[in-house]
Amino acid sequence: PKGDRGPTGEKGAKGDTGDRGECQQNNLELSPYFLALTFPNGKIVGDKIFMTSGYEGNFDDLKKKCMQAGGQLASPRNNEENAAVQQIVFTHDKSVFLGINDIQTEGKFTYLDGKPIVYSNWQPGEPNNDKGIEDCVQVFSTGKWNDKSCDERLLILCEF
Ligand code: 291
Ligand code: CA
């Protein structure tokens, strides 16, 4: 606790506010060391981190792996977040599944919590539910979305 410091300088160098912890962690993303840890598998957008491990699997597998890691499948909610997802797809030259699907009701795409999506970036002509079996969403290296069979094996991309 701050109040437990003695009078003789344990508080640190001149100018040190003694706020290590509570305050500095807010600026983690500004640290060059933190940015280094996101290279080349992660992207920071605001207070969200997108991260891949390079693992590939079907939708259920990827969804489970992200949750076990304490996150969830990438669910971009605006252009800036989608651009971060696109950059990871582009860098790895592998498409990813989003945490978005219409498994529950055909044609109604929702997040993993069941709420309707607030943002989308469909490729023209998509979603088309091709062959009647496309309930999951993949992102191309253009950043555009395509509905795709949840049984395909794509690159994992989680958000934290
Ligand atoms: C066509 C389009 C897409 C559809 C895709 C999949 C391909 O794009 O009809 O809407 O999602 O086919 O059916 O599935 C497999 N397994 O290749 C083809 C190229 C992008
Ligand atoms: Ca499709």
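Remember, it's a predicted structure, so these values are computed and weren't measured experimentally. (Residues numbered from 1 in each chain as written. Chains lettered and ligands numbered in written order. Predicted model: local features only at pLDDT ≥ 70, side-chain atom pairs only at ≥ 80, totals over all residues. Heavy atoms only, no water.)

## Side note on helix 2 (residues 59-68)
Along helix 2, the positions that sit buried rather than exposed are Phe59, Asp61, Leu62 and Cys66. End-on, the buried residues of helix 2 take up no more than an arc of 165 degrees, which puts them together on one face. For helix 2, the exposed residues lying more than 90 degrees away from the buried face are Asp60, Met67 and Gln68. Among the structural elements, strand 3 (56-57), strand 4 (72-73), strand 5 (96-101), strand 7 (136-139), strand 9 (154-155) and strand 10 (158-159) are those in contact with the buried residues of helix 2. Here helix 2 starts with a cap whose side-chain oxygen sits 3.3 Å from the backbone nitrogen of Asp60, and that cap is Asn58. (Buried < 20%, exposed > 50% of the residue type's maximum accessible area, 1.4 Å probe, protein only. Helix = DSSP H or I, 4+ residues; strand = E, 2+ residues; numbered from the N terminus. Arc of directions from axis to C-beta. Contact = heavy atoms within 4.5 Å. Polar contact = N/O pair within 3.5 Å; in protein donor to acceptor, adjacent residues only side chain to side chain.)

## Re the site of ligand 1
Looking at ligand 1, the residues that line it are Glu126, Asn128, Asp130, Glu134, Asn146, Asp147, Lys148 and Glu152. Contacts to ligand 1 include Lys148, whose side-chain N or O atom sits 3.2 Å from an oxygen atom. At a separation of 2.9 Å, a nitrogen atom of ligand 1 approaches a polar side-chain atom of Glu152. Surface burial for ligand 1 is 50%, taken as the share of its 470 Å² of free accessible area covered by protein chains. (Near = heavy atom within 4 Å. Areas by Shrake-Rupley, 256 points an atom, 1.4 Å probe, with all protein chains shown as cover.)

## Re the state of the cysteines
Across all of its chains, the model carries 2 disulfides by this definition. The disulfide bridge from Cys66 ends at Cys158, spanning 2.0 Å between sulfur atoms. The disulfide joining Cys66 to Cys158 has a torsion of about -85 degrees about its S-S bond and is therefore left-handed. Taken together, the positions of Cys66 in helix 2 and Cys158 in strand 10 put the pair 92 residues apart, joining distant regions of the chain. Residue classification places Cys66 among the buried residues on the basis of a relative accessible area of 0%. Across a sulfur-sulfur distance of 2.0 Å, Cys136 and Cys150 are joined as a disulfide pair. Residues Cys136 and Cys150 are joined through a disulfide that is right-handed, its torsion about the S-S bond being 95 degrees. (Disulfide = S-S within 2.5 Å.)

By themselves, these are just geometric observations and shouldn't be taken as functional.
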